[in-house]
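Observations on the model geometry
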Amino acid sequence: MSDAALLEPAIAAPARHGRMLRQVAGRVASGLVVLWAAVTLGFVSLQLAPGDIVSLLIGEQPRTPAVEAAIRAEWGLGDPVAVQYLRYLWRVLHGDFGRSYILQTDVSGLIASQIWPTAKLTAAALGVAIVFAVLSAVTTAGRSWARRVAGSVELVLASTPSFWLGIVLLFVFSFTLKLLPVAGDRTLSALVLPALSLGLALGAVVGQVLREGLERALEEPFALTVRSWGTTGLVLRVRHGLRHAALPAVTLTGWLVGHLLSGAVITEQVFGRPGLGRVTVEAVLGQDLPVVLAVAILSAAVFVVTSTAVDILSLLLDPRLRRDRS
Amino acid sequence: MLVDIHNLIIGFDGTEVVRGLDLTIQRGEIVALVGESGSGKSVTARSLVGLAGPGARVTADRFIIDGADVTRFRERDWRALRGRKIGFVLQDALVSLDPLRRIGQQLADASRGRASRAEGAALLASVGMRDAERRLVQYPHQLSGGLRQRALIATAIAQDPALVIADEPTTALDATVQKQILDLLRQRRRAGQTLLLISHDLAIVADLADRVLVMRDGEVVEHGPTAHILSAPAHPYTRRLLDAIPSPRSRGTQLTTGQRLLPKRIDPLHVVLEARHLVKRYGRDQVAAVDDVSFTLAAGEALGIVGESGSGKTTVARIVLGLVEPDDGRVELAGQPWSALSEPERRLHRAGIQFIAQDALSSFDPRYDVGRIVGETLDAVGVFGAARRRRVLEVLDAVRLGPSFLDRHPRELSGGQRQRVAIARAFAPRPRLLVADEPVSALDVSIQAQILDLLAELQATSGTSLLFISHDLGVVQHLTDRVLVMKEGRVVESGEVGSVLARPRHPYTQALLEALPSLPARVRQPDPVLERSAS
């Protein structure tokens, strides 16, 4: 039998993998450029800010010749700006964010000690959000009754401020039922309530998008094909539908991770947890510029990492995106 | 008896879409269900696997599949039947296979995890796919239309079902690919497999099915052995479906009424469009999508460009429309430069050249009503206010749509009505040249016949030249005066339609002609009922 279609240019699988690796490398490279731009912007804003750098860095502390000399030495203020810039880049590259003259400590050490509780909290909240969104979408999509109930619950969760949700959770589970600790960060159980209060709102929003995508996928012709194989509804939803629905949900989650970080500031206050949130608030209020700068660069890094992760996840999810756009 | 259905009724929200249908299928038989969209044929087929749709009420006096009474089936029983006893093939495998999963994974899914890699490859080989090992790791979008359809068929037969239902399995495919798929189904028939074929086109089922049921508005209007139905159709609707199929015999007559078409006024001395040595290359490898294509189009003439997907015919249309710049060669309109102009210069003349797309719906702004959609092309010729309204009503009337359509929105129109609106829009500014790219390939045969008649009539009365692009040789030979046959960017044959198709010289043209489904000759009876109901 003649088969003209077989004569079309063959695309071998290995070439595809190479192409995808190239795409991933491209995204990582452009992420690094964004990061460099963020660091540079920090440096430039320091240079352009009114007043001299020394008083900016000292903040409201008393200005002593000793401190001033230390700052001059650290930033090399006698050198040309270009040299200062390169030195600054070099230091940031090595994780050295300078010294906080207000807190009398190294910024890197300070952030390193505070980043872990925050990372734990946001990761747990993200986990809560994903589990909630997937469960809610998969079990209720396309079911008129259940989806209405789930939709209302999600609306309430998404519109409740996380501090209020936190207080309610504390009241119920800690003060009344005495199941979980009130504050602190010593045990894993102390993480449960903060993660819930931070993650549920995110999960509610993502769940809505996921359900909508899932319902759209279930109405596609391929869903009929899959069902005609005798596949169960659950398998159709999880194995086929979820992947289609995941694309917009992943993009949205990537954007919302930023919110998660700013939400962590409040949640850490409510639950009396250590973390980056408190450090940031105190640094901004006390005009502790070295700390603020470091946090800014760190958030830029988080943004770059999540958006790169979203891009790579999208490529993994949808093979149709792995094509050259030439 | 594999399937035995008596008095099947399917309803949605109180409306019955299938009424009193009787259907029996013997083992080893090919039965075809034919009718236009909305006739209830697809939902009937889906009810055989318990997938008539959410909210469907399916009742029957007798509904037996392979000895089991399915009227008592629960979802669980249906799941056991699907795939195992009945395999289901839908049209357009690009959307009917999961685009995010590899072919091999889907074969494993379809066999409920039982097919190993080797068995998957064997399945693909059994539907005529060479290189099966490589195809297993590919995704649907990496396959051509024909290979995708084969892969879809492979998933349907993965559990070796007793019956395969194919719902419009070739509708989205080019002629030669369609023939390959029909050949594949024929092979399965020789192997003693049972098939229920659903189509809107009697020509497709002609030399495949043993028996045909013709459906209209939820009822079977005629049934019997295929040869009998095709040679001596009893019901006027069956005759209409047969008449709707364009053929060499239908040239010069209306498909819907059989009456002679108005004579065209072709002025061979007045060249409206001239394309000289057009070349367009794409991509990193600079593959020529269009390679040295030249033609002329006279006033009032219809020129057909026929070829399969990837032959470059759509690129030619875009170059003629001035939407794509040729890398080499030029286009002239009425002796004046066209492709050489800059876009602002071209815009002054754009009203004289209009376009009809395959998918009318996506060529409309969904927020516009019909009056605004049709009137918009009159911006360019400066017709506004009362004069615009008059012209819009005039062209709507010409495409048999009354004033009541003025404030309808695209979504509220049927496929045929949408294409009528697109035609009205194109004719509104009285263009000298009309470019139509596959304007009927998404339509049912019966709707296609109405649209082709309309195009022929409007072209004759207005004297507009027509560049008609299609993958369907039957449509091209019915409508156009001259034809270009394109393959891989080149014109392989051209000339007057009658002589090219009577004596095709290039093997590709011969292959295209061969792929056309042929109908047996039939005694044409004059039919007064037909004339009245053909609207």
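What you see is a predicted model, and the numbers here were worked out from it, not measured in a lab.

How each quantity is defined
Residues numbered from 1 in each chain as written. Chains lettered and ligands numbered in written order. Predicted model: local features only at pLDDT ≥ 70, side-chain atom pairs only at ≥ 80, totals over all residues. Heavy atoms only, no water. Helix = DSSP H or I, 4+ residues; strand = E, 2+ residues; numbered from the N terminus. Rg over C-alpha atoms; globule rule 2.2 N^0.38 Å. Buried < 20%, exposed > 50% of the residue type's maximum accessible area, 1.4 Å probe, protein only. Contact = heavy atoms within 4.5 Å. Pairing = 2+ DSSP bridges. Axes fitted to C-alpha atoms, helices over the stretch in contact; angles between N-to-C directions. Patch = residues over 30% accessible without salt bridge, like charges linked within 9 Å, V, L, I, M, F, W, Y side chains within 5 Å. Areas by Shrake-Rupley, 256 points an atom, 1.4 Å probe, with all protein chains shown as cover. Salt bridge = Lys/Arg side-chain N within 4 Å of Asp/Glu carboxyl O. Domains from an automatic or database assignment. Buried area = accessible area lost by both parts, 1.4 Å probe. Core = buried A, V, L, I, M, F, W, Y, C linked by side-chain atoms within 4.5 Å.

**Focus: the overall build of chain B**
Counting its regular elements, chain B contains 21 helices and 21 strands. A compact globule built from 535 residues would reach a C-alpha radius of gyration of about 24 Å, and chain B, at 25 Å, matches this within 12%. Judged by the C-alpha coordinates and their principal axes, chain B covers about 70 × 55 × 45 Å. For chain B, the proportion of its 535 residues judged to be buried stands at 55%. If you take every contact in chain B between residues at least 6 apart in sequence, the share linking residues at least 24 apart comes to 70%.

**Comments concerning the sheet that holds strand β14 (residues 302-306) of chain B**
Within a sheet, neighbouring strands are paired by backbone hydrogen bonds and run either parallel or antiparallel to one another. Residues and elements named next belong to chain B. The six strands lie next to each other as β17-β18-β19-β14-β20-β21, forming an open sheet whose pairing is mixed. Every other strand in the sheet has two partners, leaving β17 (353-356) and β21 (490-496) as the edge strands with one partner each. Strand after strand, the sheet turns through a mean of 15° between neighbouring axes, direction not considered. Bridge count between strand β20 (residues 482-487) and β21: six bridges; the pairing is antiparallel. Paired with M486 across the strands is V491, a residue of β21. Sitting on the sheet, helix α17 (residues 445-462) touches β14, β17, β18 (433-437) and β19 (465-470), and the angle it makes with β19 is about 155°.

**Some words on a nonpolar patch on the surface**
Residue and element names in this part refer to chain A. On the surface, F163, W164, I167, V168, F171, V172, F175, L177, L179, V182 and I266 cluster together into a nonpolar patch covering about 1000 Å² of accessible area. Counting residues per element, the nonpolar patch draws most heavily on helix α7 (residues 162-176), which supplies seven residues. By the element assignment, I266 lies in helix α10 (residues 233-270). The class of I266 is partly exposed, set by a relative accessible area of 39%.

**Some words on the domain arrangement of chain A**
All names here are of chain A. Considered domain by domain, chain A is made up of domain 1 (22-105) and domain 2 (114-321). For domain 1 versus domain 2, the separation of C-alpha centres amounts to 33 Å. Every contact between the two is made by 21 residues of domain 1 and, on the other side, 17 residues of domain 2. Buried area between domain 1 and domain 2, both sides added, is near 1700 Å², and the carbon and sulfur share of it is 75%. On the domain 1 side of the interface with domain 2, the three residues burying the most area are R27, L35 and F97, jointly 28% of the side's total. Our count for the domain 1 to domain 2 interface comes out at one salt bridge. Two residues, R27 and D311, come together in a salt bridge whose shortest N-O distance is 3.8 Å.

**Quick notes on the nonpolar core**
Residue and element names in this part refer to chain B. Residues L202, V212, V374, L396, I423 and F468 are the most contacted members of the largest nonpolar core, which totals 109 residues. Among the elements that take part in this core, α17 stands out by supplying nine residues, more than any other. The residues touching F468, leaving out its near neighbours within four places in the chain, are L303, G304, I305, A436, P439, L452, L455, V475, V476, L479 and T480. In terms of nonpolar packing, the next biggest core, distinct from the first, is built from 33 residues, I5, A60, L81 and L213 among them.

**Some thoughts on the domain arrangement of chain B**
As a measure of interface size, the accessible area lost when the parts come together is often cited. Residues and elements named next belong to chain B. The domains assigned to chain B are domain 1 (3-250) and domain 2 (267-518). Taking only C-alpha atoms, the centre of domain 1 and the centre of domain 2 are 33 Å apart. Of the residues lining the interface, 20 residues belong to domain 1; the matching set on domain 2 comes to 20 residues. Carbon and sulfur atoms make up 55% of the area that domain 1 and domain 2 hide from each other, which totals about 1700 Å². Along the contact surface separating domain 1 from domain 2 lie zero salt bridges.

**Here's the deal with the sheet that holds strand β7 (residues 86-89) of chain B**
All names here are of chain B. Sheet architecture is open: six strands sit in the order β7-β8-β9-β3-β10-β11, paired in mixed fashion. The two strands at the open ends of the sheet, each matched to only one other strand, are β7 and β11 (219-225). Strand-to-strand, the axes of this sheet are offset by a mean angle of 15°, without reference to chain direction. In this structure, strand β3 (residues 30-34) lies alongside strand β9 (residues 194-199), joined through five bridges in parallel fashion. Following the sheet pairing, V34 is matched in β9 by S199.

**A few points about the pairing of β14(B)**
All names here are of chain B. For β14, the tally of buried residues reaches five of five residues, placing the bulk of the element in the interior. Burial along β14 is two-sided: A302, G304 and V306 and L303 and I305, pointing in opposite directions, are all buried. The sheet contact formed by β14 and β20 spans four bridges and is parallel. Opposite L303, over in β20, you have R482 as the bridge partner.

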